[in-house]
Amino acid sequence: MNNESIKDMGETYVMNTYGRFPAAMVRGEGSRLFDADQKDYIDFLGGIAVTLFGHSYPPLVEVLQKQAGTLLHCSNYYWIEPQNQLARLLCTHSRFDKVFFCNSGAEANEGAIKLARKYSALKYGPGRHKILSMERSFHGRTLATLTATGQDHFHQDFLPLPLGFDYIPLNDMQALREKADDSVCAVMVEAIQGEGGVYALDVEVAKEMAAFCQERDILLIADEVQTGMGRTGELFAYQGLGIEPDIMTLAKALGGGVPIGAFLATDEVAGALKPGDHGSTFGGNPLASAAGVLVMQTLLQDGFMEKMRKTAQRFQTALQSLTLSCKMALAVRGRGLMLALELDREAKPVMKRLFEAGLLCSVAGEKGLRFLPALNLTDEEMDEGMNRLKQVLDTMGEE
Ligand SMILES: Cc1ncc(COP(=O)(O)O)c(C=O)c1O
């Protein structure tokens, strides 16, 4: 099978919901991917912030092989040891006390919304159920999380949407004060908006927002589906903001490439859910949990995050230098290894040219290129990717 034949088969049988590049990735090694025509790509996208340690990371492969040969799945009717281990690792390295496991970011946020509503209903009675989220945010594709997503174009065609959601601009305390009436039970926010274009929640606003919410017992839900698991330079991005959310959601990199999501809460909040309130057939199954344990253990290894922060600094410096040498590169934004390079023009055609030149990235808003590389990206992989990036920017700048 080559790229063309795989594409043909996909077009015949797979629903047409993604705008795909004309390549089928068949193998990965570190931060390099190979397509079915044997072309190689430097991966600065990491499966959209998923493959935290690159592709086919040997310790992860080993853990998965061992777990698959021992127990793949058994259902949450029974205790699952790797699930407990992952929950303990997550709780002991965050401010949270309990974890619920699911399979994706949307599911994690859906669960967080349910938890916030139940907590509020038990404590304050009906009517206090509204979720405030940020304009330009992204929280998922299920109906509730789609509604929480503050981007209108995702909503069209799927009406009617669930009730009980409203939006405020990011970093606007005044708007929060105005909208936070007696019907609001939670505020949902990303530390850095990912899909929305790599726009950060301001540190001072975050603190003010957290204090305001705490005063009114409005739960603060940190959507760390994209920012969590070391991505921004801290294990979880809220830790860098100096705030204490009541609920945190995770997915993407939690399994290093194996689908798993989670929502975490303090004991006080988590206690609102009772047996039967929420569940998931696959949530935290032995295979996915074993992957999560390996991911957490790797992040916690002595020196891993220090090294990651140096890698991030080097990556940021390389992007900054492009803003000096390439006239179409204007500015860099983001934190850690969650970065965007703002261009002087529409980013999508540039992303396509980068793909052709063997560099994978995404777009951030209309004019930004978005980078979410593996945290263990080597200097050699980074340099090769940056060279490909510079060549394309230089060429397109001259056209
Ligand atoms: C911040 C955030 N929340 C939720 C989601 C949804 O995650 P999933 O695609 O796993 O459902 C995403 C996906 O991009 C995300 O970036």
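Residues numbered from 1 in each chain as written. Predicted model: local features only at pLDDT ≥ 70, side-chain atom pairs only at ≥ 80, totals over all residues.

## Remarks on the overall build of the protein
When helices and strands are counted, the protein shows 15 helices and 17 strands. Against the compact-globule benchmark of 21 Å for 399 residues, the protein has a radius of gyration of 21 Å, which places it among compact chains. Each of the three principal axes of the protein carries a C-alpha extent, and together these read 60 × 55 × 50 Å. The 399 residues of the protein split such that 46% are buried. Considering only residue pairs separated by 6 or more positions, the protein has 72% of its internal contacts joining residues 24 or more positions apart. (Helix = DSSP H or I, 4+ residues; strand = E, 2+ residues; numbered from the N terminus. Rg over C-alpha atoms; globule rule 2.2 N^0.38 Å. Buried ≥ 20, exposed ≤ 12 C-beta atoms within 10 Å, placed from the backbone. Contact = placed C-beta atoms within 7 Å.)

## As for the site of the ligand
Taken together, 14 residues surround the ligand, and among them S104, G105, A106, V225 and Q226 come closest. For the shell around the ligand, the element with the most residues is helix α5 (residues 105-124), which contributes three residues. Of the residues contributing to the shell around the ligand, the split by class is four nonpolar, seven polar and three charged. (Near = placed C-beta within 6 Å. Nonpolar A, V, L, I, M, F, W, Y, C, P; charged D, E, K, R; others polar.)

## Digging into the nonpolar core
Counting 118 residues, the largest nonpolar core has A116, I247 and A262 as the members making the most contacts within it. Looking at this core, the element that brings in the most residues is helix α12 (residues 286-300), giving nine residues. Taken domain by domain, the makeup of this core includes at least three residues from each of domain 1 (3-57 + 303-398) and domain 2 (60-300). In this structure, A116 is in contact with I131, C185, A186, L219, I221 and I247, ignoring residues within four places of it in sequence. (Core = buried A, V, L, I, M, F, W, Y, C linked by C-beta atoms within 7 Å. Domains from an automatic or database assignment.)

## Re the pairing of strand β1 (residues 25-29)
In the sheet, β1 pairs with strand β2 (residues 32-35) via four bridges, with the strands oriented antiparallel. By the bridge assignment for β2, E29 is matched with R32. (Pairing = 2+ DSSP bridges.)

## Let's talk about the environment of A288
Within the secondary structure, A288 sits in helix α12. Residues A288 and T249 lie 39 residues apart in sequence; the distance between their C-alpha atoms is 16 Å. With residues near it in sequence (within four places) discarded, A288 still touches G255, V258, P259 and I260.

## Considerations on the sheet that holds strand β17 (residues 368-371)
Pairing within the open sheet is antiparallel, and its four strands lie in the order β13-β14-β17-β16. The two strands at the open ends of the sheet, each matched to only one other strand, are β13 (329-335) and β16 (362-364). With strand direction ignored, the average angle separating the axes of adjacent strands in the sheet is 30 degrees. Where strand β14 (residues 338-343) meets β17, four bridges bridge the pair, whose relative direction is antiparallel. Directly across from A340, in β17, lies its bridge partner R370. Across the sheet, helix α13 (residues 304-325) is in contact with β13 and β14; its angle to β13 comes to roughly 160 degrees. Those strands touched by helix α14 (residues 348-356) are β14, β16 and β17, and its axis lies near 155 degrees from that of β16. (Axes fitted to C-alpha atoms, helices over the stretch in contact; angles between N-to-C directions.)

## Side note on the domain arrangement of the protein
Taken as a whole, the protein is organised into domain 1 (3-57 + 303-398) and domain 2 (60-300). Distance from the C-alpha centre of domain 1 to the C-alpha centre of domain 2: 26 Å. Each partner contributes residues to the interface: domain 1 has 26 residues there, and domain 2 has 21 residues. Considered class by class, the residues forming the side of domain 1 that touches domain 2 number 15 nonpolar, seven polar and four charged.

## Some words on the sheet that holds strand β10 (residues 219-223)
With respect to topology, seven strands assemble into an open sheet ordered β4-β12-β11-β10-β7-β5-β6, the strand pairing being mixed. A single partner strand is all that each edge strand has here, and the edge strands are β4 (98-102) and β6 (165-168). Mean inter-strand twist for the sheet, computed between neighbouring axes without regard to direction, equals 20 degrees. Note: β10 against strand β11 (residues 247-250), three bridges, orientation parallel. Bridging from a neighbouring strand, I221 pairs with I247 of β11. Sheet contacts for helix α4 (residues 81-92): β4 and β12 (261-265); angle to β4, the most-contacted strand, approximately 130 degrees. Sitting on the sheet, α5 touches β4, β5 (130-134), β7 (184-189), β10, β11 and β12, and the angle it makes with β12 is about 25 degrees.

## Some details on unusual backbone geometry
The general pattern is negative phi for most residues beyond glycine and trans for most peptide bonds. With omega at 0 degrees, the peptide bond leading from L159 into P160 counts as cis. Relative to the assigned elements, P160 resides in the loop between α7 (152-155) and β6. Although it is not a glycine, S56 adopts a positive phi angle of roughly 50 degrees. Summarising the element assignment, S56 is placed in the loop between α2 (46-49) and α3 (58-68). Positive phi outside glycine occurs at M229, with the angle close to 60 degrees. Inspection of the secondary structure puts M229 in the loop between β10 and α10 (237-241).

## Here's the deal with helix α15 (residues 379-398)
For an α-helix the count is 3.6 residues per turn, leaving residues at separations of three or four pointing the same way. The terminal C-alpha atoms of α15 lie 28 Å apart, and with 20 residues this matches the ideal 28 Å at 1.5 Å per residue to within 8%. Where α15 is concerned, the buried positions are G385, L389, V392 and L393. Angularly, the buried residues of α15 cover 100 degrees about the axis, an arc narrow enough to put them on a single face. Projecting away from the buried face of α15 at angles above 90 degrees are the exposed residues D379, E380, T395 and E398. Buried residues belonging to α15 abut β3 (40-43), α13, β13, α14 and β15 (359-360). (Expected span 1.5 Å × (residues − 1). Arc of directions from axis to C-beta.)

## Considering the packing of α3 against α12
At a minimum axis separation of 9 Å, α3 and α12 run at an interaxial angle of 150 degrees. In this view, α3 runs roughly antiparallel relative to α12, as classed from their interaxial angle. Judged by the sense of rotation from one axis to the other, the crossing of α3 with α12 is right-handed. Side by side, α3 and α12 meet where P59, L60, V63, L64, Q67 and A68 of the first sit next to P286, L287, A290, A291, L294 and T298 of the second. Its residues placed into classes, the contact of α3 with α12 shows ten nonpolar, two polar and no charged. (Parallel < 35°, antiparallel > 145°, perpendicular 65-115°, else oblique. Left-handed = near helix turned anticlockwise from the far one by under 90°.)

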